[in-house]
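# Examination of the molecular architecture
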Amino acid sequence: MSAEMEHTVASAATLEGTSLHTGEKVSLTVKPAPAGHGFKFRRVDLDDQPFIDADVDKVQTVERATTLAEGSVKVHTVEHILSALCGMGVDNAIIEMDANEPPIGDGSSAPYVELIKQAGIEQQDKPRKVYEIREPIHMETGNGSLITIVPDKKFRVSVTNVGPDGRFTQYFSSEVTPELYEKEIAPARTFVYYEDVKPLLDKGLIKGGSLENAVVVRGEEVMSKEPMRYNNEFARHKALDVIGDLMLSGKRIMGHVICVKPGHGPNTKMASTLKNEYMRMRTMVPPVTIPEGEAVLDVNEVMKILPHRYPFLMVDRVVDFEGDNKCTGVKNVTINEPFFQGHFPGHPVMPGVLQVEAMAQVASILMLRKPENQGKIGYFMSVDKVKWRKPVLPGDTLFIEAEILKIRRSIGSAICRCIVNGEVVSSGELKFALIDS
């Protein structure tokens, strides 16, 4: 299964069971959704069968479970199905339910993994967008819970569970891939401390709870219908919840999530922080025709990769990566550019050769950010099939797209184009060599 393209379920599949908090019988069906759709819940038991986006902005309550609401319409305990979809590599799906809560199953996400495998997974034609964490993001809450996300070239989760009075302190850490998720995370069951059960019952919750779908901790004793599935099952289930809750940010992340005493409250607050931080970076560049992206490099980060400096740095920032072989850079063209003094007085036009240089610099960023190429310099070798279609003028925002076609030893080739206001103004095929600096 390609990690670079989006995926949906290949067909509809249904799981029936009992909901945890309401005790109602419920049927849940996952259905395919188009690329770019994301996850949406649908209450098919209501007259107009309304949709609710799996979005952190819809989070209403997080007591023992994550609840989403759209007006008066709610869906409870969404974290297990979202965790399974994310963990198994699904990006787009419709989740239909004939009640307000999914089936609890055995308290883990394993039944949802089986449901997804039953439906099958299908690759789509849109590149997967991933939010690459480039600077640490840290959050603490008053109860001693903390979540830190640090840069990592993979998605990893590390969790320390700490129970009341330090009981059942457990640690779990793993990369999250479909194979590891199914084997190491999905089977971990939900758990509850006995002293927390009565208040939940008083509030009319966990009517469907039993030792068949939850582990109950009383003092130092663990009550369960079957033996513990792992010696750190509680920490693994916390990781399961974290994966599901963070997907409410709307973006998969590339980074290492480190949690101590996580819970649905802190998890969803971090999901909100991720969404806001992503949107903040997106608005740091002009909003017109900017594609969605997995990472943003500001000019300082660009200069850590490229050796170019004033007046020859032709990239102000990078706004989009699609996998390892495609990205989009931005150059804000202003009347202050030194080349406008002579090209041409009274009729300023950006030289075509500098547009080609901008393409080469963006393509170089793609190659030089690879670990094996760090510290090298990209030398221009040739350019073919160059076309200049429209003049680039002061005030234009130049979007520079580059896609690596192939890399053989130290020689790379790329196809590139420059775009202004959604129209291609220049394009070409470039070849360059990477040489040690």
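Refer to the structure printed above.
Residues numbered from 1 in each chain as written. Predicted model: local features only at pLDDT ≥ 70, side-chain atom pairs only at ≥ 80, totals over all residues. Heavy atoms only, no water.

## Focus: the pattern of salt bridges
Put simply, the test is: Only one rule defines a salt bridge in this text: a Lys or Arg side-chain nitrogen within 4 Å of an Asp or Glu carboxyl oxygen. Each helix corresponds to a stretch of at least 4 residues labelled H or I by DSSP, and each strand to a stretch of at least 2 residues labelled E; elements are numbered beginning at the N terminus. When accessible area is computed with a 1.4 Å probe and restricted to protein chains, residues below 20% of their type maximum are described as buried, those above 50% as exposed, and intermediate ones as partly exposed.
With the rule as written, the count across this model stands at 24 salt bridges. Here Arg229 ties to Asp106 by a salt bridge, and the two come within 2.9 Å at their closest N and O atoms. Linking Arg229 in the loop between β18 (221–223) and α5 (233–246) with Asp106 in the loop between β9 (93–97) and α2 (110–119), this pair joins segments that are 123 residues apart in sequence. Judged by relative accessible area, Arg229 falls into the partly exposed class, the value being 26%. On the basis of relative accessibility, which here comes to 19%, the residue Asp106 falls in the buried class. In the salt-bridge network here, residues are joined through shared partners; they are Lys31, Arg42 and Glu96.

## Some words on the side chain of His308
Selection rule: Two N or O atoms count as a polar contact when they lie within 3.5 Å, although within protein this holds only if one can serve as hydrogen donor and the other as acceptor, and sequence-adjacent residues are included solely when both atoms are side-chain atoms. Contacts between residues were defined by any pair of non-hydrogen atoms, one from each residue, lying within 4.5 Å.
Along the chain, the position of His308 falls in the loop between α7 (299–305) and β21 (317–322). Reaching out from His308, the side chain makes a polar contact with the side chain of Glu357 at a distance of 3.4 Å. Here His308 is in contact with Met303, Leu313, Glu357 and Gln361, once residues within four sequence places are set aside.

## Section: the environment of Lys40
With respect to the helices, strands and loops of the structure, Lys40 is situated in strand β4 (residues 39–43). Spatially, the C-alpha atoms of Lys40 and Thr334 are 43 Å apart, while their sequence positions differ by 294 residues. Beyond its immediate stretch of four places on either side in the chain, Lys40 contacts Phe51, Ile52, Asp53, Ala54, Ala93, Ile94 and Ile95. Only 2.6 Å separates the side chain of Lys40 from the side chain of Asp53, close enough to count as a polar contact.

## A word on helix α1 (residues 79–87)
Counting buried residues along α1, nine of its nine residues qualify, which places the element largely inside the surrounding structure. Residues Glu79, His80, Ile81, Leu82, Ser83, Ala84, Leu85, Cys86 and Gly87 constitute the buried set of α1. The positive-phi residue at the C-terminal boundary of α1 is Gly89, with phi of around 90°.

## Structural notes on α2
The test is simple: Working definition: the arc comes from the directions between the helix axis and the C-beta atoms, pointing outward to the latter.
Buried within α2 are the following residues: Tyr112, Val113, Leu115, Ile116 and Ala119. Each buried residue of α2 sits inside an arc of 160° when the element is viewed along its axis, so together they form one side. Of the surrounding secondary structure, the elements contacted by the buried residues of α2 are β1 (5–9), β2 (13–18), β3 (25–31), α1, β10 (121–127) and α3 (178–185). Of the residues flanking the end of α2, it is Gly120, one or two places downstream, whose phi is positive at about 85°.

## Considerations on the sheet that holds β2
Strands belonging to one sheet form pairs held by backbone hydrogen bonds; the direction of such a pair is parallel or antiparallel. Which entries qualify depends on this criterion: Paired strands, as defined in this entry, are two strands with at least two bridges between them according to DSSP. Only the contacting stretch of a helix is used when fitting its axis, a line to C-alpha atoms as for every element, and angles between N-to-C directions run 0 to 180 degrees.
If you trace the five strands from one edge of the open sheet to the other, you get β2-β3-β9-β4-β5, paired in mixed fashion. Only two strands of the sheet have a single partner each, and these edge strands are β2 and β5 (51–53). Taken pair by pair, the neighbouring strands of this sheet meet at an average axis angle of 25°, ignoring direction. Taken strand by strand, α2 contacts β2 and β3, and its axis lies near 160° from that of β2.

## Things to note about the environment of Phe234
Considering the arrangement of structural elements, one finds Phe234 in helix α5. For Phe234, a relative accessible area of 0% gives the class buried. Residues Phe234 and Val162, 72 residues apart in the sequence, show an inter-C-alpha distance of 9.3 Å. Among residues more than four places away in sequence, those in contact with Phe234 are Asn161, Phe168, Gln170, Phe191, Val215, Val217 and Met228.

## Describing the nonpolar core
One recurring pattern in soluble globular proteins: nonpolar side chains tend to sit buried together. Under the convention used in this document: Buried Ala, Val, Leu, Ile, Met, Phe, Trp, Tyr and Cys residues form a nonpolar core when they are joined through side-chain atoms within 4.5 Å.
Counting residues in each nonpolar core, the largest one holds 58 residues, and the members touching the most others are Phe39, Phe41, Tyr181, Val257 and Leu274. Counting residues per element, this core draws most heavily on α5, which supplies six residues. Aside from chain neighbours lying at most four places away, what touches Leu274 is Tyr131, Ile133, Ile137, Ile149, Leu246, Ser249 and Ile253. Val302, Met350, Ala402 and Leu430 belong to the second-largest nonpolar core, a separate cluster that totals 37 residues.

By themselves, these observations are geometric and do not establish any function.
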